[in-house]
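Residue-level structure breakdown
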Amino acid sequence: MRHFLTRELVAHRKRAQRALNRGCNPESSRAIVERIDAELEHRRTRRMDRLHDNAPPLPGLLPDEALLTEATSPAGPDPTCETATRAAWRRLVDERMPAIAQERSFPVRFNHCFARILLDCTLGRPWRDCVAPPAWRNMSISTLEQAIALGEAVLSGEADLTALNRRSLALRGKLRED
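Worth saying up front: this structure is predicted, and the values here are computed from it rather than measured. (Residues numbered from 1 in each chain as written. Predicted model: local features only at pLDDT ≥ 70, side-chain atom pairs only at ≥ 80, totals over all residues. Heavy atoms only, no water.)

**Here we look at the nonpolar core**
With 32 residues, the main nonpolar core has Trp89, Met97, Phe114 and Leu161 as its most contacted residues. For this core, the secondary-structure elements that each account for two or more residues are helix H4 (79-101), helix H5 (111-123), helix H6 (135-138), helix H7 (141-156) and helix H8 (161-171). No other element matches the eight residues that H5 contributes to this core. (Core = buried A, V, L, I, M, F, W, Y, C linked by side-chain atoms within 4.5 Å. Buried < 20%, exposed > 50% of the residue type's maximum accessible area, 1.4 Å probe, protein only. Helix = DSSP H or I, 4+ residues; strand = E, 2+ residues; numbered from the N terminus.)

Quick look at the structure:
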């Protein structure tokens, strides 16, 4: 897959996802989507590592110590658990929530909108004010777990995404009064 351009991989992923949604050869389509996702994540990680290695810190975008400090054992955080949590976040906002957005008449449909709503409401302020992007990589695991729990509550119907969206927009000063 390395010989494909990123935009070609994204196009192939969309086609495979559409086939999966239609129920056409689900095992094969799911395997293709997973392989492409793994390759895209690998490329994203390599790119971000290169950017972070060469870039000076940006004032105002440095992560809050309170959000990044983890209560860890002397051995440090469990990397397996951390990786699984970050992967669960990506699946939640990239796949699960957009998949049911139209069915549930959500006020948003794109993954970055779901991420904004969940992160803003979890943090109580715009997430970019306290966490350097990408938030899913730079946020503490405990805070990310709270955002995932909020997303799961939305999916189960226990939390109202429309109300959370209005709260997020209000925190950003972008709420329009109708």
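**Focus: a positive patch on the surface**
A contiguous patch of positive charge, built from Lys14, Arg15, Arg18 and Arg22, is present on the exposed surface. Here arginine 22 shows up in helix H1 (residues 6-22). Since its relative accessible area comes to 59%, arginine 22 is described here as exposed. (Patch = residues over 30% accessible without salt bridge, like charges linked within 9 Å, V, L, I, M, F, W, Y side chains within 5 Å. Areas by Shrake-Rupley, 256 points an atom, 1.4 Å probe, with all protein chains shown as cover. Salt bridge = Lys/Arg side-chain N within 4 Å of Asp/Glu carboxyl O. Lys, Arg positive; Asp, Glu negative; His and termini not counted. Charge placed at Lys NZ, Arg CZ, Asp CG, Glu CD.)

**Some words on the packing of H5 against H7**
It is at 9 Å that the axes of H5 and H7 come closest, and there the two elements cross at 120°. Taken together, the axis directions place H5 and H7 in an arrangement best described as oblique. In the packing of H5 onto H7, the handedness of the crossing is right-handed. Contact with H5, carried on its side by Leu118, Leu119, Cys121, Thr122 and Leu123, involves Thr143, Gln146, Ala147, Leu150 and Gly151 of H7 and no other residues of that element. Residue composition of the contact of H5 with H7, grouped by class: six nonpolar, four polar and no charged. (Axes fitted to C-alpha atoms, helices over the stretch in contact; angles between N-to-C directions. Parallel < 35°, antiparallel > 145°, perpendicular 65-115°, else oblique. Left-handed = near helix turned anticlockwise from the far one by under 90°. Contact = heavy atoms within 4.5 Å. Nonpolar A, V, L, I, M, F, W, Y, C, P; charged D, E, K, R; others polar.)

**Things to note about the pattern of salt bridges**
Here the structure, examined in full by the defined rule, presents six salt bridges. Across the pair arginine 86 and glutamate 82 runs a salt bridge whose closest N-O atoms are separated by 3.4 Å. Of this pair, arginine 86 and glutamate 82 both sit in helix H4, four residues apart, which is roughly one turn of the helix. Of the charged contacts in the structure, one is a salt bridge between aspartate 120 and arginine 172, with a shortest N-O distance of 2.5 Å. One end of the pair, aspartate 120, is in helix H5; the other, arginine 172, is in the segment after H8, with 52 residues separating them in the sequence. With relative accessibility at 26%, the residue arginine 172 sits in the partly exposed group. Three or more residues joined by partner-sharing salt bridges are found here, namely Arg13, Asp37 and Glu95.

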